[in-house]
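# Commentary on secondary and tertiary structure
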Amino acid sequence: MSRPPGSRVRCSLLLLMLAAHAAAAEEYSFDASAFEKKPFELGGYLQLKQEDFALNRSGAFYKLGNLNRPQRDTLDRSTATLELIGKLRPGVGTFDFHTHSDLQRDQLAHDHSNVLYEGAYSIRPDPGVTLEAGKRTLRWGKGYAWNPIGFVERAKDPNDPELSREGLVMANSDLIINREGPLQTIAFTPVLLPVQSDINRDFGAAGHLNPAGKLYLLYYDTDLDFAWQGKGSRPGRFGMDFSRNVGSNFEIHGEWARIQQLARPVTDSAGRIATRTENATSYLLGLRYLTQTDTTYIAEYYRNGTGYSEQEAREYYQLVDTAFAQLQQTGSSMLLPKALSLSQGAYGRPNAGMDYLYFRAQQKDALGVVYFQPSITVMMNWQDRSYQLTPELLYTGVKNLDLRLRLFLLQGASLTDFGEKQNSRKLEFYARYYF
Amino acid sequence: MKKLLCLGLFLIALPAAAAMDAAQILQKVDRNLEPESYETYRKLIDIQPDGSRKEYVLYTLKKGRDKVLALFLSPPSDKGRATLRIGDNMWLYLPDVGRPIRITSLQSVTGSVFNNADILRIDYTSEYDAESVEEQKDVYLLSLKAKTGEVAYDRLKMWVDKRALLPVTIEAYASSGLLLKTLHFKDVKDFGGGIKRPATLETDSPLYKGYKSVMLWSALKKGSFPDEVFTLNYLPRVQELRK
């Protein structure tokens, strides 16, 4: 006996509704028991990156970096990176670790590295007290692209400020006091950072214990940090920073640091190198602003007291030109070792100039595509007006996968900061899978 | 004359009495939604117009009227992120960046329709003054005004279930009068310990047509936490608080 068509339709609709209801119930189910703390946790990411460089063959740093190598106009580099981040909870404390491994290949070299970024054991005898020893990355300061008070850390890459970095071996602790009133939080972080021939070698001269400390205050809704590092492997230094929300979409921040009696090599175009020892004052002022249409603007001005003025940098670039002219004419150059040595020190830092402007605009969910974030970043050496422009596309809409495409366009005349870099353009793409 | 004076005084006192009622209702709503100090797990689901979803799981602590902490447990790309709110101050700790950065209430740490003020919500009475209440059939309609310019929404219209004194729907408005989003509270559930409240919150926004975000609660219970936990220095170690 067949059922009437209307009945079949009703039956189907009922089944569909039941299925839809079941799906809806399933859609929003949540059981927290799957997220309980475990004695061992491991995560991290695997990243594949492709970089295509347009080399700046007339640039000082290209010439110095490619001495005695086949000369090229382009370079394609592939890098695979694996970072493992984990926690082990034996007994009363916690052991945190973070490893970094990469494999790099381009037309000139194959390279690989395995580095322990962090590995530290910490205990908390009291909620307000943490004691820790091991290799740890402490990041101090409020600046987005630069941190003048980052006294006990490796330098940040302003092209990738959020990139993880290798830490330093240290013993440190955190002492926190929270209270009512305008001064809500007081936190003190003392640090001991030993430098020996086999520990923290790149921090400075060996044979010092290097005490440092930071005092944090939350005072009248303003973050305040006072930082200090005693004289030892590096000259003594002190500084402070602040950060405050001045509206529901507007934040301001700043840093100030003074390094005492910093010895700075300065050369003239003839290769006469003098060591100038003087106090160096650096500071940074910045803001972050979010518009109603979800555009975030970040702007910073950075005065690098350890950097080189336009004239000092110009003299150095002229020295490099003279050294290579000598090499071409005579087959050897007395100036070249000097230029090379300086390039591996203070003159070769990513931002060796004295005044920088940083501006970044990023648009959330652009073109109506959720998790699609285009942005544009400009970094300018304010003295010589050379700059780097970086358009970027980021998509995070696929589960556990980040896709980022960036183009670096460097612009500057001869004898300027960005005009003398190793490359004039770089196209970079990476796919990063988190697990 | 005396009668006229009494009538005048009554008329002057009337709005104050009504405001008092509205404030009392709002206080009840705050306590019925959550104990003043609690811990809970939450899942945030962002649903795109094509049906694709992105989910986050957060472990959340709240202490007093204006301190909230949330730790991301999932997805792997966000694991270890922690956000802290003390009154109008908000920070985000990213493990890779390694230090807390200030964020603002209108941003969204998840990139969803829920902004930071929704994800790190503190008591309504801490942020809003209850200006008036209108009694409707099964609900009270509260009109709330932000106490300061730093609050994410300038005005809220809150429909409150008369019997349970729990919010049913909230409309959030900008100072321009623009409707920013609507929050729908659903699925009232008994969490134990005398806590009976909606376990699901859905939101949609005319600014994000076709998108929807959902927040689910699980294992909500009263808690007692040291003040030191709600500080920037503690953010990298919040994971250790979980049982």
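Residues numbered from 1 in each chain as written. Chains lettered and ligands numbered in written order. Predicted model: local features only at pLDDT ≥ 70, side-chain atom pairs only at ≥ 80, totals over all residues. Heavy atoms only, no water.

## Brief notes about the overall build of chain B
A tally of helices and strands in chain B yields three helices and 13 strands. Across its three principal directions, the C-alpha atoms of chain B cover 75 × 45 × 35 Å. Taking all 243 residues of chain B together, 60% fall into the buried category. Summarising the internal contacts of chain B: among those between residues at least 6 apart in sequence, 47% fall at separations of at least 24. Accessible surface, chain B: about 9,900 Å² in total, of which carbon and sulfur atoms supply 55%. Chain B carries 37 positive and 31 negative side-chain charges, and their two centres are separated by 2 Å. (Helix = DSSP H or I, 4+ residues; strand = E, 2+ residues; numbered from the N terminus. Buried < 20%, exposed > 50% of the residue type's maximum accessible area, 1.4 Å probe, protein only. Contact = heavy atoms within 4.5 Å. Areas by Shrake-Rupley, 256 points an atom, 1.4 Å probe, with all protein chains shown as cover. Lys, Arg positive; Asp, Glu negative; His and termini not counted. Charge placed at Lys NZ, Arg CZ, Asp CG, Glu CD.)

## A closer look at helix α4 (residues 335-343) of chain A
Residue and element names in this part refer to chain A. Regarding α4, the residues found buried are Leu335, Leu336, Ala339, Leu342 and Ser343. For α4, the arc enclosing every buried residue in end-on projection is 130°, short of the 170-degree limit, so these residues lie on one face. Looking at the buried side of α4, the elements it contacts are α2 (60-65), β11 (250-267), β12 (273-290) and α3 (310-330). (Arc of directions from axis to C-beta.)

## Things to note about the pairing of strand β6 (residues 168-178) of chain A
Residue and element names in this part refer to chain A. By the bridge criterion, eight bridges tie strand β5 (residues 129-136) to β6 in an arrangement that is antiparallel. Pairing of lysine 135 across the sheet is with valine 169, part of β6. Bridge count for β6 against strand β7 (residues 183-192) is six bridges, and the pairing is antiparallel. Among the inter-strand pairings, alanine 171 is bridged to a residue of β7, identified as leucine 192. (Pairing = 2+ DSSP bridges.)

## Overview of the interface of chain B and chain A
At the junction of the two partners, chain B supplies 65 residues and chain A supplies 62 residues. Both faces considered, chain B and chain A share a buried interface measuring about 5,500 Å² in area, 48% of it formed by carbon and sulfur atoms. Three residues, Arg99, Arg102 and Glu240 of chain B, lead the burial of chain B against chain A; their summed loss comes to 14% of the area buried on that side. Where chain B packs against chain A, one counts eight salt bridges. One salt bridge in this structure joins lysine 87 of chain A and glutamate 240 of chain B, with 3.7 Å as the shortest N-O distance. Put simply, chain B and chain A have 27 residue pairs in polar contact (both at pLDDT 80 or more) between them. Those elements giving two or more residues to the side of chain B that touches chain A turn out to be β1 (38-47), β2 (53-63), β3 (67-74), β5 (89-93), β6 (100-103) and β13 (212-222) of chain B. (Buried area = accessible area lost by both parts, 1.4 Å probe. Salt bridge = Lys/Arg side-chain N within 4 Å of Asp/Glu carboxyl O. Polar contact = N/O pair within 3.5 Å; in protein donor to acceptor, adjacent residues only side chain to side chain.)

## A word on unusual backbone geometry
A cis geometry characterises the amide bond from serine 74 of chain B onward to proline 75 of chain B, with omega recorded as 5°. Along the chain, proline 75 of chain B falls in the loop between β3 and β4 (82-86). Here the phi dihedral of glutamine 261 of chain A falls at roughly 50°; this positive angle occurs in a residue that is not glycine. With respect to the helices and strands, the residue glutamine 261 of chain A is situated in strand β11. Of note, aspartate 187 of chain B is a non-glycine position whose phi angle comes to about 60°, a positive value.

## A few points about a nonpolar patch on the surface
All names here are of chain A. Taken together, the side chains of Leu46, Leu82, Tyr433 and Phe435 make up a nonpolar region of the molecular surface, amounting to roughly 340 Å² of accessible area. Summarising the element assignment, tyrosine 433 is placed in strand β18 (residues 423-434). Given the relative accessible area of 41%, tyrosine 433 is considered partly exposed. (Patch = residues over 30% accessible without salt bridge, like charges linked within 9 Å, V, L, I, M, F, W, Y side chains within 5 Å.)

## Observations regarding empty space enclosed by the protein
Residue and element names in this part refer to chain B. All told, the structure shown has four cavities of 30 Å³ or more when counted by the stated rule. Space inside the largest cavity adds up to approximately 240 Å³. In terms of lining, the largest cavity is formed by 23 residues, of which the most central are Ala117, Asp118, Arg121, Tyr124 and Leu183. Counting residues per element, the ones that place at least two in the lining of the largest cavity are β1, α2 (116-119), α3 (124-127), β11 (179-192) and β13. Top contributing element to the lining of the largest cavity by residue count: α2, with three residues. Residues belonging to the lining of the largest cavity are distributed by class as follows: 18 nonpolar, no polar and five charged. (1 Å grid on protein atoms, 1.4 Å probe; cavity = no way out; pocket = protein on both sides within 12 Å on 5 of 7 lines; lining within 4 Å. Points joined across faces, edges and corners; volume = space filled by probe spheres on them. Nonpolar A, V, L, I, M, F, W, Y, C, P; charged D, E, K, R; others polar.)

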